[in-house]
Amino acid sequence: MGFKILEYLQPFCSFLPEVSKPERKIQFREKVLWTAITLFIFLVCCQIPLFGIMSSESADPFYWLRVIMASNRGTLMELGISPIVTSGLIMQLLAGTKIIEVGDSVKDRALFNGAQKLFGMLITVCQAIVYVVTGMYGEPADLGMGICLLIIIQLLCAGLIVLLLDELLQKGYGLGSGISLFIATNICETIVWKAFSPATINTGKGTEFEGAVIALFHLLATRTDKVRGLREAFYRQNLPNLMNLMATVAVFLIVIYFQGFRVDLPIKSARYRGQYSSYPIKLFYTSNIPIILQSALVSNIYFLSQILSSKFAGNVFVNLIGTWAESGYQRYPIG
């Protein structure tokens, strides 16, 4: 039955664009070049705002998840890698529980990958529709049917671009995985911006720089009490401080240190007597996959909770998933 399900989806998968496998061995320089091009396209999409939105400056319910999901609010990368990760999670779950059966042949794997890609595009469409309907970009009645449809099309095209960029790297044209590359880029961009941002913010005690390092020199130069200025640079609230930066660097160093840890399991050959070998297992064998899956699961719970809350506000069972409040046309979680 599982094979029939995948075969039924094959005609629909043929409509999706696909990156062909390389016909020759890709040299290292070419891989670096394709990886750089992929990264450049992703960064450009992160800076292109969605056309037609009225506002994206209000409370962001997905603020803490955007770094891991490689998304940027109000831009083409609004959804980030969430549809790809969600579709992969569900398809792997269905295959692991034998609800759908996937063989080891090339045809079966191709059908499975095509179904996963198709499912990812369906999730992209559903998330785009809900984002528009729930007022993430303005009241739908004020935007109009044409603008709402245009926003959905923009998010759909951006989701297809992310899918193709990830497939481009996985097919061997680049280095590593597109998902890992996008997450690492988003994290590095956030760290650099929080450390060296020249943006100024009025905190009530005067104008301060957002960047923690720049704020250190600014506070030492403007405060008469240097010790108090130094303490404020390390422990200031509601803005990036040096303790945040030092903790981030410490976590990076700890992860790099433990990345080299491994356990060598002795293996004895059953065919040849007296022949022994070892199989190394890294301490961080699962890498960042659990964090990505946890973030995708939480974002989808947020997503489902926001839909139910907008339609069945006040319902006891809906409130168990999450409680949302309205601020103008924007909804944000409160419990």
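Caption draft 1: Main features of the overall build of the protein chain. Per the secondary structure count, the protein chain includes twelve helices and six strands. Out of the 335 residues belonging to the protein chain, those deemed buried represent 36%. Sequence separation of 24 or more characterises 60% of the internal contacts of the protein chain that already satisfy a separation of 6 or more. Surface summary for the protein chain: the accessible area is close to 20,400 Å², and the carbon and sulfur share equals 67%.

Caption draft 2: Region of the structure containing the side chain of Gln-154. In this fold, Gln-154 is placed in helix α6 (residues 145–173). Setting aside chain neighbours within four positions, we find Gln-154 in contact with Pro-49, Leu-50, Phe-51 and Leu-76.

Caption draft 3: Layout of a nonpolar patch on the surface. Judged by side-chain polarity, Leu-33, Trp-34, Ile-37, Phe-40, Ile-41, Val-44, Ile-48 and Ile-161 come together as a nonpolar surface patch covering roughly 660 Å² of accessible area. Top element by residues in the nonpolar patch is helix α2 (residues 28–47). It accounts for six residues. Here Ile-161 shows up in helix α6. With a relative accessible area of 32%, Ile-161 lands in the partly exposed category.

Caption draft 4: Representation of the nonpolar core within the structure. Membership of the largest hydrophobic core comes to 42 residues, with the highest contact counts inside it found for Ile-81, Tyr-137 and Phe-182. Taken together, the elements giving at least two residues each to this core come down to α2, α3 (82–96), α4 (106–133), α6, α7 (178–196) and α11 (289–311). Here this core gets nine residues from one element, more than from any other, and that element is α6. Core analysis: the next-biggest nonpolar cluster, separate from the first, contains seven residues, Leu-6, Met-91, Ala-95 and Ala-115 among them.

Caption draft 5: How the structure looks around the packing of α7 against helix α10 (residues 242–259). Between α7 and α10, the least distance of the axes is 11 Å, while the angle of their chain directions is 150 degrees. Accordingly, the angle class assigned to the pair α7 and α10 is roughly antiparallel. In the crossing of α7 with α10, the sense of the turn from one axis to the other is left-handed. Of the residues in α10, those in contact with Ile-187, Ile-191 and Ala-195 of α7 are Leu-245, Thr-248 and Phe-252. Of the residues in the contact of α7 with α10, the class split is five nonpolar, one polar and no charged.

Caption draft 6: Geometry of the pairing of strand β3 (residues 262–268). Among the seven residues of β3, zero are classified as buried, and the element is accordingly described as predominantly exposed. Where β3 lies against strand β4 (residues 276–282), seven bridges are found, and the strand directions are antiparallel. Paired with Asp-264 across the strands is Pro-280, a residue of β4.

Caption draft 7: Inspection of the packing of aromatic side chains at higher detail. This structure, assessed with the given rule, holds three aromatic pairs. The interplanar angle of 15 degrees and the centroid separation of 4.4 Å between the aromatic rings of Phe-42 and Phe-182 together place this pair among those described as stacked. With Phe-42 in helix α2 and Phe-182 in helix α7, this residue pair connects regions lying 140 residues apart in the sequence. Taken as a pair, Phe-42 and Phe-182 share a single burial class, namely buried. Residues Phe-234 and Tyr-235 carry aromatic rings whose centres are separated by 6.3 Å and whose planes lie at 45 degrees to one another, so their mutual orientation is tilted. Using a relative accessible area of 23% as the deciding quantity, one classes Phe-234 as partly exposed. According to the relative accessible area criterion, Tyr-235 is exposed, its value standing at 52%.

Reading the values: the criteria
- Residues numbered from 1 in each chain as written.
- Predicted model: local features only at pLDDT ≥ 70, side-chain atom pairs only at ≥ 80, totals over all residues.
- Heavy atoms only, no water.
- Helix = DSSP H or I, 4+ residues; strand = E, 2+ residues; numbered from the N terminus.
- Buried < 20%, exposed > 50% of the residue type's maximum accessible area, 1.4 Å probe, protein only.
- Contact = heavy atoms within 4.5 Å.
- Areas by Shrake-Rupley, 256 points an atom, 1.4 Å probe, with all protein chains shown as cover.
- Patch = residues over 30% accessible without salt bridge, like charges linked within 9 Å, V, L, I, M, F, W, Y side chains within 5 Å.
- Salt bridge = Lys/Arg side-chain N within 4 Å of Asp/Glu carboxyl O.
- Core = buried A, V, L, I, M, F, W, Y, C linked by side-chain atoms within 4.5 Å.
- Axes fitted to C-alpha atoms, helices over the stretch in contact; angles between N-to-C directions.
- Parallel < 35°, antiparallel > 145°, perpendicular 65-115°, else oblique.
- Left-handed = near helix turned anticlockwise from the far one by under 90°.
- Nonpolar A, V, L, I, M, F, W, Y, C, P; charged D, E, K, R; others polar.
- Pairing = 2+ DSSP bridges.
- Phe/Tyr/Trp six-rings, centres within 6.5 Å; stacked < 30°, edge-to-face > 60°.

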